[in-house]
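# Chain and residue survey
Chain by chain, the residues:
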Amino acid sequence: MGWGTDMEALPEGDALEPLSVPLRGDPSWVAPALTASDKTRNVGKTNVFFGPPLAILVDGQKNTLEISGKLNRTAERYLEILKRHGLELSEPERACLTHICHIGFMSPLEIEELPFEVAMTRFEYEGLDKVALATKLDAASFADLVSVVESLGF
């Protein structure tokens with residue numbers, strides 16, 4: 001019979017099963033301080049291609065821990081911006097913007113030109129008022145436009 005931490009008897013046999021906890025270094029390992037919702041993310045190392053935006057962000061930094069910290073802080077702030085910005089869009093408005101964004105990668109300039117693109121598109125959808133949508137987009141901040149594009153998956 002095993003003994004608990006306060007010296008009380010523990011049950012024998014099948015009642016005691018070893019905990020299956022991944023070890024540090026295993027990609028599924030999660031720091032114990034994380035909440036249940038945080039445990040859904042993949043913790044570990046990955047190779048990242050440093051294109052011009054990331055190279056500019058970490059310019060002059062050589063320490064990988066500092067670079068990792070900078071990337072994580074920037075991503076955390078970006079996600080918070082996405083949470084706090086955006087526009088209420090109807091289904092026809094979302095369909096119109098999805099049609100426009102289907103070109104693929106949306107550069108900052110293309111995102112800024114969304115109101116113009118809406119006004120110029122031949123896309124039609126029942127209930128879509130392109131003039132009203134273009135006006136709504138024109139009045140939106142750049143952060144709102146980025147959030148909309150991100151919410152559409154582009």
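Residues numbered from 1 in each chain as written. Predicted model: local features only at pLDDT ≥ 70, side-chain atom pairs only at ≥ 80, totals over all residues. Heavy atoms only, no water.

### Let's talk about the environment of F105
Here F105 shows up in the loop between α3 (91-101) and α4 (108-112). Separated by 49 residues in sequence, F105 and F154 place their C-alpha atoms 6.5 Å apart. (Helix = DSSP H or I, 4+ residues; strand = E, 2+ residues; numbered from the N terminus.)

### Brief notes about the nonpolar core
Buried together is how nonpolar side chains tend to be arranged in soluble globular proteins. In terms of nonpolar packing, the biggest core is built from 22 residues, with C96, L97, L114, V118, L133 and L137 touching the most fellow members. Ranked by residue count, the leading element in this core is α3, at 5 residues. The contact partners of C96, leaving out residues within four places of it in the chain, are V118, T121, F123, L128 and L133. (Core = buried A, V, L, I, M, F, W, Y, C linked by side-chain atoms within 4.5 Å. Buried < 20%, exposed > 50% of the residue type's maximum accessible area, 1.4 Å probe, protein only. Contact = heavy atoms within 4.5 Å.)

### Some points on the layout of surface pockets
Empty space among the atoms becomes apparent when a probe as large as a water molecule is rolled across them. Taken as a whole, the second largest pocket encloses approximately 280 Å³ of empty space. Looking at the second largest pocket, the residues that line it are P53, L54, L57, L71, T74, A75, R77, Y78 and I81. Elements supplying a minimum of two residues to the lining of the second largest pocket: α1 (52-57) and α2 (64-84). Broken down by element, the lining of the second largest pocket gets its largest block of residues, 6 residues, from α2. When its residues are assigned to classes, the lining of the second largest pocket shows 7 nonpolar, 1 polar and 1 charged. (1 Å grid on protein atoms, 1.4 Å probe; cavity = no way out; pocket = protein on both sides within 12 Å on 5 of 7 lines; lining within 4 Å. Points joined across faces, edges and corners; volume = space filled by probe spheres on them. Nonpolar A, V, L, I, M, F, W, Y, C, P; charged D, E, K, R; others polar.)

### Re α2
Given a rise of 1.5 Å per residue, 21 residues ought to cover 30 Å, and the 30 Å separating the end C-alpha atoms of α2 matches this to within 8%. Between a side-chain oxygen at the N-terminus of α2 and the backbone nitrogen of L65 the separation is 2.7 Å; the capping residue is N63. Following α2 by one or two positions, G86 adopts a phi angle in the positive range, close to 130 degrees. (Expected span 1.5 Å × (residues − 1). Polar contact = N/O pair within 3.5 Å; in protein donor to acceptor, adjacent residues only side chain to side chain.)

### Quick look at the pattern of salt bridges
Between side chains of opposite charge, a pair can form when the charged atoms approach closely. Within the structure shown, the criterion is met by 4 salt bridges. The salt bridge partner of K83 is E80, with a shortest N-O separation of 3.4 Å. Highlighted residues: K83 and E80, both in helix α2, separated by 3 residues, approximately one helical turn. Residue classification places K83 among the exposed positions, given a relative accessible area of 65%. Judged by its relative accessible area of 30%, E80 is partly exposed. Between E93 and K136 there is a salt bridge, with its nearest N and O atoms 3.0 Å apart. Highlighted residues: E93 in helix α3 and K136 in helix α6 (residues 130-139), separated in sequence by 43 residues. You can call K136 partly exposed: its relative accessible area is 29%. Through salt bridges with shared partners, a single network forms among E80, K83 and R84. (Salt bridge = Lys/Arg side-chain N within 4 Å of Asp/Glu carboxyl O.)

As far as function goes, none of this settles anything; it's purely spatial.
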